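# Report on the structure
So the chains spell out like this:
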Amino acid sequence: MKDWRWIPLQRVICPSPDSKMSQSTVTEEGGTFEHLWSSLEPDSTYFELPPGSQPGERPVPSTSTPGSHRNVAEGSMDAYHMRDMNDNVMSQYNLLSSSMESLGSRATSASPYSSENASSSAVPTPSPYSQPNSTFEGLSPAPAIPSNTDYPGLHAFQVSFQQSSTAKSATWTYSPLLKKLYCQIAKTCPIQLKLSSSPPHGSIIRAMPVYKKAEHVTEVVKRCPNHELGRDFNDGQVAPASHLIRVEGNNLSQYVDDPVTGRQSVFVPYEAPQVGTEFTTILYNFMCNSSCVGGMNRRPILIIITLETRDGQVLGRRSFEGRICACPGRDRKADEDHFREQQALNESAKNGGANKRNFKQSPTNIPSPNINMRKRRHGEEEIYYIPVRGRDNFELLMKIKDSLELVELVPQPLVDSYRQQTQQQMLQRP
């Protein structure tokens, strides 16, 4: 094995054998060289000495003449050291240059203000407003206040219901007059969809409940705590317990909680009508009563049905009012009767005072009832109802009611004179 020794990249001056130095000087130089060698850093750049040359040793003079030995030693050492110094200096310079270039390129690519990095970035940065992944990726976020304006769109999007009745046994019914759906809790309610042309591939049908009045429209429609936390209609269900609207009989339905607005909705992929039909039917369930405290609490709601693309673009929109109650037929009939009465009152008010009956007008030979009329007490303008059993009793009470109302129209002096005449007649009788 050859004995290789390493020395730092520095110029080493080796004195000639015939230099005039004492033996003590040689020993001191050897010790100093060993001390410097031991203090070197481990990561310094080294090169190898030729075999036979060791640190701290002086070359043994040969038998040749001093002049020739000195010239040969100095020439060989100078050539050896200059060649190795040039090679190692150049390698160190190349290594340093490549390191600086790599550091500079890293700093440039990491800088957020670099135009090249902005245009040539290989890894895109996700947006902080991006939506969570779902079956239909890239859905746009829902607006804070969803629109309830009907919009048929290019495909003439329509929502309709089957013929229904107002019987008390009906589980659901729809009023075209009021554009209002009445349905029992957790009962199947079929809704028909119709399009004039096929929508883009991957389109969906979304159903979302919102409050109708402006003071409640920013709140999210949810189930009441009683129905949400109870076991009824919740055990074994895929739908979240807080969602009001559910889809029945469709395993592709997805329930969405918007991460920004918190609004809840359910959507299913659009299916074309089957052969021989023109409607697509979706079965919905409504899982809380409109009168439930802590939920809707008798606040009217709207059901918004939208046709959307897979990226959230609305192609069509329909809305209708919804009421979840125990007796849909009864409530529908009562609301329609009240609506008709309001329409009649509004029409009579528009016609003006010509057709208005003036109950304060009195006959020409009777003085105005406003003269000497007694003042009404508080509560006399209110209307009270008395339940009566039997037809005869009802007719008798109606006569008394008519007499009391006529007395209000007769002036008090006439009433007094009538009473005096009645008393005199009674006294004249035998």
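Here, the structure is the one placed above.
Description of the structure in this document. The structure displayed is predicted, hence computed values, not measured ones. (Residues numbered from 1 in each chain as written. Predicted model: local features only at pLDDT ≥ 70, side-chain atom pairs only at ≥ 80, totals over all residues. Heavy atoms only, no water.)

Moving on, we come to the sheet that holds strand E3 (residues 158-160). A sheet is described by the order of its strands in space; here 4 strands give the open sequence E3-E6-E11-E8, paired in antiparallel fashion. Each of the sheet's edge strands pairs with one partner strand only, and the pair in question is E3 and strand E8 (245-248). Each strand of the sheet is rotated relative to its neighbour by a mean of 35°, with strand direction disregarded. The sheet contact formed by E8 and strand E11 (residues 280-286) spans 4 bridges and is antiparallel. In the strand pairing of E11, Ile245 is matched with Phe286. (Pairing = 2+ DSSP bridges. Helix = DSSP H or I, 4+ residues; strand = E, 2+ residues; numbered from the N terminus. Axes fitted to C-alpha atoms, helices over the stretch in contact; angles between N-to-C directions.)

By the definition in use, this model includes 15 salt bridges. Glu321 serves as the salt-bridge partner of Lys180, at 3.6 Å between the closest nitrogen and oxygen. Note that Lys180 is positioned in strand E5 (residues 180-183) and Glu321 in strand E13 (residues 314-324), a separation of 141 residues in sequence. Taken individually, Lys180 and Glu321 each receive the classification buried, so the pair is uniform in this respect. Salt bridges sharing partners connect three or more residues here, namely Lys180, Lys212, Glu321 and Asp335. (Salt bridge = Lys/Arg side-chain N within 4 Å of Asp/Glu carboxyl O. Buried < 20%, exposed > 50% of the residue type's maximum accessible area, 1.4 Å probe, protein only.)

A word on the pairing of E5. Both faces of the sheet carry side chains from a regular strand, because those side chains alternate between them. Neither face of E5 is left uncovered, since the one carrying Lys180 and Tyr182 and the one carrying Leu181 and Cys183 both have all their residues buried. Joining the antiparallel neighbours strand E4 (residues 172-175) and E5 is a turn of 4 residues, in which Lys179 adopts a positive phi near 55°. The pairing of E5 with E13 spans 4 bridges and is parallel. Looking at the pairing, Lys180 lines up with Glu321 of E13.

Structurally, Arg223 is set in the loop between strand E7 (204-211) and helix H4 (225-229). Within the buried core, Arg223 has no salt-bridge partner, and the shortest N-O distance to an opposite charge, that of Glu228, equals 7.0 Å. Here the side chain of Arg223 touches His227 through a polar contact of 3.1 Å, landing on its backbone oxygen. When near neighbours in sequence (up to four residues on either side) are disregarded, Arg223 contacts Glu228, Asp232, Asn234, Ala241, Ser242, His243, Leu244, Arg246, Met287, Cys288 and Gly295. (Lys, Arg positive; Asp, Glu negative; His and termini not counted. Polar contact = N/O pair within 3.5 Å; in protein donor to acceptor, adjacent residues only side chain to side chain. Contact = heavy atoms within 4.5 Å.)

Strand order across the open sheet formed by 7 strands is E4-E5-E13-E12-E7-E10-E9, with mixed pairing between neighbours. Among the strands making up the open sheet, the edge pair consists of E4 and strand E9 (254-257). With direction set aside, neighbouring strand axes in the sheet form an average angle of 25°.

Counting buried residues along E7, 8 of its 8 residues qualify, which places the element largely inside the surrounding structure. Two strands pair when backbone bridges link them, and E7 and strand E10 (residues 264-269) are joined in this way by 4 bridges, in the antiparallel orientation. Following the sheet pairing, Ile205 is matched in E10 by Val268.

Counting across every chain of the model gives 1 cavity of 30 Å³ or more. Lining of the largest cavity is provided by Ala207, Pro209, Val221, His243, Leu244, Ile245, Gln264, Ser265 and Val266. Secondary-structure elements contributing two or more residues to the lining of the largest cavity are E7 and E10. The element contributing the most residues to the lining of the largest cavity is E10, with 3 residues. Split by residue class, the lining of the largest cavity holds 6 nonpolar, 3 polar and no charged. (1 Å grid on protein atoms, 1.4 Å probe; cavity = no way out; pocket = protein on both sides within 12 Å on 5 of 7 lines; lining within 4 Å. Points joined across faces, edges and corners; volume = space filled by probe spheres on them. Nonpolar A, V, L, I, M, F, W, Y, C, P; charged D, E, K, R; others polar.)

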